[in-house]
Amino acid sequence: TLDICIKSKIGREVYLECLGSITRIEEKLVGVLIVARDVTERKQAEETLRRSEEKYRNLVELAPDGIVTANMKGVVTSVNDAFSRLTGFSKDEIVGKHFTKLGTLRVEDIPKYTKLYFSVLRGQKISPFEFVYRLKDGTFGYGEACPWLMKVDGKNIGFQVILRDITKRKKTEEALGESEEKYRTQ
C-alpha cells in the first residue's frame, strides 16, 4: 500500500490509500490496476490524536510538580522529569516497580498508602494530603499528593498522582514553631 495526498479541485487535501497490482500476459505487461480509498477522515483523526497526545506529554513533562502514573496493579508506568528532580531517582529506577517498592516511601507509611491506593481504585475521591518521602540520598522531604483514578472510555486503567514538594514550607513552619516556643519560655 502507498499513502498519498492530493489536492481536490477546490484545493482541499485528500488522503488516499492506494493498492496496486500489475497484470501480465505471457510475461508482457498489459495493465496496472490501482485501487484508491479515501482515508482523509482517518488521517485527520490520527493527526488530532497525535496533537492531543503531544499537548498532554508537554503538560506532564513541563509541570513543576512530580507526576506519577501506575496501572491497576500499582506498578508505576510513568514519571515525569520533575518527579526525578524531587526524589533523585531516575525514571529507569522507578518505572516498572510497584509503588510500595520504589524506595521513596517510609516503610512505616506503606500500609497507610496501600489503603489509600485501594480507596482510589474503588473510585473514592481522595483530598490532597501531606506526606514524608525519601530522596535517593537518604534524606527526607515533605510533599503534598493529589491522587485520582484514570479512566479510558469509562474503564479504570490505573491511577495518577501529582506530587508537590512542600519541604521549604514545612521547614519554615517548624522553625517558626520553635521560635514561638523559645519566645514563650523566655
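Residues numbered from 1 in each chain as written. Predicted model: local features only at pLDDT ≥ 70, side-chain atom pairs only at ≥ 80, totals over all residues. Heavy atoms only, no water.

1. Overview of the sheet that holds strand β5 (residues 76-79)
Operational definition: Only strands joined by at least two bridges in the DSSP assignment are considered to pair. A run of DSSP states H or I qualifies as a helix once it reaches four residues; a run of E qualifies as a strand once it reaches two. Both are numbered from the N-terminal end. To obtain an axis, a line is fitted to C-alpha atoms, over the contacting stretch when the element is a helix, and the angle between two such axes runs from 0 to 180 degrees between their N-to-C directions.
Taken in spatial order, the five strands make up an open sheet running β5-β4-β8-β7-β6, and their pairing is antiparallel. Looking at strand neighbours, the two that pair on one side only are β5 and β6 (129-134), the edges of this open sheet. Direction aside, neighbouring strands of the sheet carry axes that sit 35° apart on average. Summarising the sheet, β6 and strand β7 (residues 140-152) pair through six bridges and their orientation is antiparallel. Across the sheet, residue Y133 finds its bridge partner in β7, namely G141.

2. Describing the pattern of salt bridges
In a structure, side chains of opposite charge can pair up when their charged atoms sit close to one another. Stated precisely, the cut-off is as follows: Each salt bridge in this description consists of a side-chain nitrogen of Lys or Arg and a carboxyl oxygen of Asp or Glu lying within 4 Å of one another. Buried, partly exposed and exposed residues are distinguished by accessible area as a fraction of the type maximum, computed with a 1.4 Å probe on protein chains only: under 20%, between the cut-offs, and over 50%, respectively.
One pass over the full model with this rule turns up 17 salt bridges. For D65, the salt bridge identified is with R164, shortest N-O distance 2.7 Å. One end of the pair, D65, is in the loop between α1 (40-62) and β4 (66-71); the other, R164, is in strand β8 (residues 155-165), with 99 residues separating them in the sequence. With relative accessibility at 12%, the residue D65 sits in the buried group. According to the relative accessible area criterion, R164 is partly exposed, its value standing at 41%. Of the charged contacts, one joins E173 and R169 as a salt bridge, the two residues approaching to 3.4 Å between their closest N and O atoms. Highlighted residues: E173 and R169, both in helix α5 (residues 167-185), separated by four residues, approximately one helical turn. Here E173 falls in the partly exposed class, since its relative accessible area comes to 42%. Residues joined in a network through salt bridges with shared partners are E17, R37, R42 and E46.

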